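Observations on chain architecture
Here are the chains, one letter per residue:
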Amino acid sequence: MTDQKSLDSILQERRVFPPGPEFTVRARIKPADRERLVAEARAGHEAFWGRIARETLGWHKPFTITLDQASAPNYRWFTDGEINASWNCLDANLRERGDKTAIIFESEPGETRRLSYRELTAEVCRLANALKASGIAAGDRIVIYMPMVPEAIIAMLACARIGAVHSVVFGGFSTRSLRDRIEDAGARLVITADGGHRAGRLVELKATADEALAGACPSVEKVIVLRHTGCAVDMKPGRDVWWSDAVAGQAASCAPVFVPSEHPLFLLYTSGSTGRPKGIQHATAGFLLGAKLTTLWAFDLREDDVFWCTADIGWVTGHTYVAYGPLAAGATVVIYEGAPVHPDPGRFWSICERHGVTIFYTAPTAIRALMKYGEAIPAKYDLSKIRLLGSVGEPINPEAWIWYQRNIGKERCPVVDTWWQTETGATLIAPLPGAVAAKPGSCTLPLPGIDAAVVDDDGNEINDPNRGGHLVIRKPWPFMLRTIWGDNERYLATYWARFGNRYYLAGDTAHRDRDGYFWVMGRADDVLKVSGHRLGTAEVESAFVAHPRVAEAAVVGRPHDIKGEAICAYVVMKGERPTGAAAEAMAHELREWVGREIGAIAKPDDIRFADNLPKTRSGKIMRRLLRAVARGEEITQDVSTLENPAILDQLRGQA
Ligand code: WTA
């Protein structure tokens with residue numbers, strides 16, 4: 001599963017970056033603190049999390065039950081407590097930080113706006129009151145399909161305020177993805193915008209939402225539309241209402257609805273190994289605890305920090321480290337609407353300079369893309385305020401890590417490589433910046449209270465650096481997913497069945513080195529990480545076969561210098577296999593088709609046409625073979641079970 005090149009590179013990596021003494025002196029968690037926390041968690045896992053939860057969050061009703069294992073592996077935490085997530089992000093900050101800037105917003109065209117905690121609270125309350133006026137109550141699902149604007153966060157917090165369950169759909173997804181998610185969640189209301197700005201282009205969100213809703217999604221009663229770009233949209237009478245009209249006349253205060261700890265805070269759809277995305281369900285208290293705690297721990301957050309996580313709120317990173325984590329911790333967060341290279345590749349650094357960013361958190365794919373433009377670009381900007389860098393979403397290659405540390409961190413900032421997943425809620429493995437030495441390419445060690453391990457197929461722990469295995473978490477943790485919305489069977493089968501309900505299976509392969517450091521190599525299933533975005537090969541395949549002329553398709557990933565992974569599709573058309581110019585035209589048409597069906601992020605990089613796909617005699621597509629072909633590798637696998645061996649030459653011939 002792990003390719004030899006990346007394995008060699010980690011086994012040979014000898015560079016170690018201990019925390020600088022000037023950093024450690026002021027760090028929230030110093031080496032001795034870490035040791036104490038690790039020991040405390042080892043001595044009593046449940047008691048440890050109970051103490052942390054009491055001290056970290058504001059509870060309306062304190063809990064007495066820390067961990068309820070009665071329906072394991074559907075674990076429940078802090079069950080008899082009551083809490084409100086928006087209260088923790090807003091009201092809890094008002095007394096000491098009411099006038100502190102909560103959000104610094106910059107749109108792609110360059111508009112900037114600031115919202116204090118007090119202003120943010122008022123906006124959230126107005127929208128919460130508008131939702132209530134529309135008949136929305138605790139437990140109702142609301143889909144948020146927005147650009148990266150403050151209102152996206154306002155919408156999330158307004159849902160949380162009244163106990164409604166939000167499901168944010170990434171604004172880069174198109175019709176089919178949006179429709180499937182709305183229908184699966186059974187959303188009563190959709191919050192969207194007229195459009196958004198991306199790389200100088202207009203993204204017509206409302207038009208896509210209209211298409212998604214047309215003749216479908218019967219649960220949706222109302223659509224609230226933010227005017228953002230000013231582009232023309234159709235408003236459907238009786239269903240659609242402008243945001244400004246919805247909040248007009250609404251009070252700027254709204255009593256939070258305190259919900260039981262386990263009340264779902266949100267659903268977030270993510271890709272798995274089937275065509276149907278999974279609605280990952282997170283619980284209010286546990287999720288909020290993970291978001292706030294790990295923001296404080298992994299990013300060493302201080303009162304005067306300006307925190308910029310570049311993720312879109314459509315992904316989990318945007319939930320945990322744009323919205324809930326930093327706001328619950330009372331930070332100032334930067335949000336930027338547009339593309340990193342618009343209008344030029346200095347945009348990120350210009351934002352850091354102008355807004356005084358002190359903590360910068362992004363994905364390896366962005367680092368690699370910006371690296372390509374050379375170090376002269378960041379050198380033009382004053383990045384002296386930055387004191388910590390973070391990385392997330394995919395393995396970071398040591399070369400990109402070093403470039404980041406040198407050119408952005410000026411060799412004085414810790415680089416925190418955070419490993420986690422939509423399902424884990426927050427970072428589980430990352431160097432505590434004041435306490436753990438970093439190694440480029442490794443997410444280092446689990447946070448205190450997280451029992452991660454690498455195990456073989458039988459569940460035995462592996463400590464030999466040369467041997468890879470499954471990354472698992474052996475004890476439940478408060479911010480873990482609770483279930484898959486509407487499909488607990490799939491929850492059990494995907495994450496627990498592999499090791500008899502004992503270990504949470506992450507779906508990644510990993511190695512541990514001599515120091516016990518974790519090196520996550522990538523996915524072990526049919527999930528791809530394309531530019532840090534999580535995509536299932538099966539989803540892309542079903543988009544292909546929805547095209548009237550496609551008979552069959554198989555999708556695999558291959559390594560890509562910037563995007564991490566590229567998407568390669570092998571397609572069998574109904575009728576004759578296209579060649580030459582016809583093949584080119586068809587490939588173009590199919591790329592656009594997949595883009596319209598799923599979203600631009602799913603457009604395949606390579607499309608190859610074949611008369612057939614390599615299958616076993618029982619009809620199973622041999623994906624390992626296709627992966628080898630896509631990578632241009634020698635075929636070393638046994639092909640004797642292949643039903644149609646000649647097909648391999650045809651596939652390879654087109655490389
Ligand atoms: C990958 C993103 C290596 C991994 C927060 C995981 C990483 C998947 C890292 C989850 C990292 C995330 N090093 N790999 N620091 N962080 N991954 O759900 O394969 O979008 O399983 O969550 O991203 O992706 P998701």
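Residues numbered from 1 in each chain as written. Predicted model: local features only at pLDDT ≥ 70, side-chain atom pairs only at ≥ 80, totals over all residues. Heavy atoms only, no water.

The secondary structure content of the protein amounts to 21 helices and 30 strands. Relative to a compact globule of 655 residues, whose C-alpha radius of gyration would be 26 Å, the protein shows 24 Å and is just as compact. Taking all contacts inside the protein whose residues are at least 6 apart in sequence as the whole, residues at least 24 apart take part in 71%. Carbon and sulfur atoms make up 49% of the accessible area of the protein, which amounts to about 24,300 Å² in all. Side chains of the protein give 78 positive and 80 negative charges; the mean places of these two sets differ by 2 Å. (Helix = DSSP H or I, 4+ residues; strand = E, 2+ residues; numbered from the N terminus. Rg over C-alpha atoms; globule rule 2.2 N^0.38 Å. Contact = heavy atoms within 4.5 Å. Areas by Shrake-Rupley, 256 points an atom, 1.4 Å probe, with all protein chains shown as cover. Lys, Arg positive; Asp, Glu negative; His and termini not counted. Charge placed at Lys NZ, Arg CZ, Asp CG, Glu CD.)

Turning to the side chain of serine 116, a few remarks are in order. Inspection of the secondary structure puts serine 116 in strand β5 (residues 112-116). Here serine 116 falls in the buried class, since its relative accessible area comes to 10%. With near-sequence residues (within four places) excluded, serine 116 lies in contact with Gly98, Asp99, Lys100, Thr101 and Ala102. (Buried < 20%, exposed > 50% of the residue type's maximum accessible area, 1.4 Å probe, protein only.)

In space, the 8 strands of this open sheet follow the order β12-β11-β8-β6-β7-β14-β15-β23, with mixed pairing throughout. Taken across any chain shown, the strands that pair with only one partner, and hence form the sheet edges, are β12 (240-242) and β23 (483-484). Those strands touched by helix α6 (residues 117-133) are β6 (141-145), β8 (189-193) and β11 (222-226), and its axis lies near 140° from that of β8. (Pairing = 2+ DSSP bridges. Axes fitted to C-alpha atoms, helices over the stretch in contact; angles between N-to-C directions.)

On to the environment of leucine 642, then. Tracing the backbone through its elements, the reader meets leucine 642 in the loop between α20 (623-630) and α21 (646-653). By relative accessible area, leucine 642 is classed as buried at 1%. The spacing of leucine 642 and glutamate 108 is 534 residues in sequence and 51 Å in space, taken between C-alpha atoms. Contact partners of leucine 642, with chain neighbours within four places excluded, come to Pro614, Lys615, Arg617, Met622, Leu625 and Leu648.

Glancing now at the site of the ligand. The full set close to the ligand counts 17 residues, and Asp417, Thr418, Thr422, Arg523 and Arg534 are the nearest of them. Take aspartate 508: an N or O atom from its side chain is 2.8 Å from an oxygen atom of the ligand. Contact with the protein chains removes 97% of the 530 Å² of surface that the ligand exposes when unbound. Listing elements by their share of the shell around the ligand, those giving two or more residues are α12 (316-328), β20 (415-418) and β25 (518-523). Among the residues making up the shell around the ligand, the classes are represented as 6 nonpolar, 5 polar and 6 charged. (Near = heavy atom within 4 Å. Polar contact = N/O pair within 3.5 Å; in protein donor to acceptor, adjacent residues only side chain to side chain. Nonpolar A, V, L, I, M, F, W, Y, C, P; charged D, E, K, R; others polar.)

A word on the sheet that holds strand β24 (residues 504-512). One open sheet holds the 4 strands; their spatial order is β21-β22-β24-β25, and the pairing between them is antiparallel. Each having just a single partner strand, β21 (452-455) and β25 make up the two edges of the open sheet. The average undirected angle you get between the axes of adjacent strands in this sheet is 45°. The sheet contact formed by β21 and strand β22 (residues 469-473) spans 4 bridges and is antiparallel. Following the sheet pairing, alanine 453 is matched in β22 by valine 472.

A few words now on the environment of glutamate 394. Among the secondary structure elements, glutamate 394 is positioned in the loop between β19 (388-392) and α16 (398-407). With relative accessibility at 10%, the residue glutamate 394 sits in the buried group. Separated by 138 residues in sequence, glutamate 394 and glycine 532 place their C-alpha atoms 6.0 Å apart. Ignoring any residue separated from it by four or fewer positions in sequence, one finds glutamate 394 in contact with Pro364, Thr365, Arg368, Ser531, Gly532, Lys563 and Gly564. Among the polar contacts made by the side chain of glutamate 394, one reaches the side chain of arginine 368 at a distance of 2.9 Å.

The subject of this paragraph is the packing of aromatic side chains. Enumeration over the complete set of coordinates arrives at 32 aromatic pairs. Aromatic pair tryptophan 59 and phenylalanine 78: ring centres 5.8 Å apart, planes at 70°, arrangement edge-to-face. Here tryptophan 59, found in the loop between α4 (45-56) and β1 (67-68), pairs with phenylalanine 78, found in the loop between β2 (76-77) and β3 (82-83); they are 19 residues apart in sequence, far enough to count as distant. Centroid distance tyrosine 75 to tryptophan 496: 5.9 Å. Interplanar angle 55°. Geometry classified as tilted. Remark: tryptophan 496 occurs in the loop between α17 (488-495) and β24 and tyrosine 75 occurs in the loop between β1 and β2; sequence separation between them is 421 residues. (Phe/Tyr/Trp six-rings, centres within 6.5 Å; stacked < 30°, edge-to-face > 60°.)

This part is about the packing of helix α5 (residues 85-97) against helix α7 (residues 150-162). Following both chains from N to C, one finds α5 and α7 inclined at 115°, their axes separated by 7 Å at the closest point. Classified by the angle between their axes, α5 and α7 sit roughly perpendicular to one another. Seen along the crossing, α5 lies across α7 with a hand that is left-handed. Each of Ala85, Ser86, Trp87, Cys89, Leu90 and Asp91 in α5 lies in contact with α7, whose residues at this interface are Leu157, Ala160 and Arg161. (Parallel < 35°, antiparallel > 145°, perpendicular 65-115°, else oblique. Left-handed = near helix turned anticlockwise from the far one by under 90°.)

This part takes up helix α3 (residues 31-43). Compared with the 18 Å implied by 1.5 Å per residue over 13 residues, the 18 Å span of α3 between its first and last C-alpha is a close match. When α3 is considered as a whole, its buried residues turn out to be Asp33, Arg34, Leu37, Val38 and Ala41. Projection of α3 onto a plane perpendicular to its axis shows the buried side chains occupying an angular sector of 130°, all on one side. Structural note: α3 exposes Ala32, Glu35, Arg36, Arg42 and Ala43 on the side pointing more than 90 degrees away from its buried face. Against the buried residues of α3 lie α4 and α11 (284-298). (Expected span 1.5 Å × (residues − 1). Arc of directions from axis to C-beta.)

Most of β8 is tucked away: 5 of the 5 residues are buried. Burial along β8 is two-sided: Leu189, Ile191 and Ala193 facing one way and Val190 and Thr192 facing the other are all buried. Bridge count between β6 and β8: 4 bridges; the pairing is parallel. Bridge pairing links isoleucine 142 to leucine 189 in β8.

Spatial relationships are all this shows, so hold off on functional conclusions.
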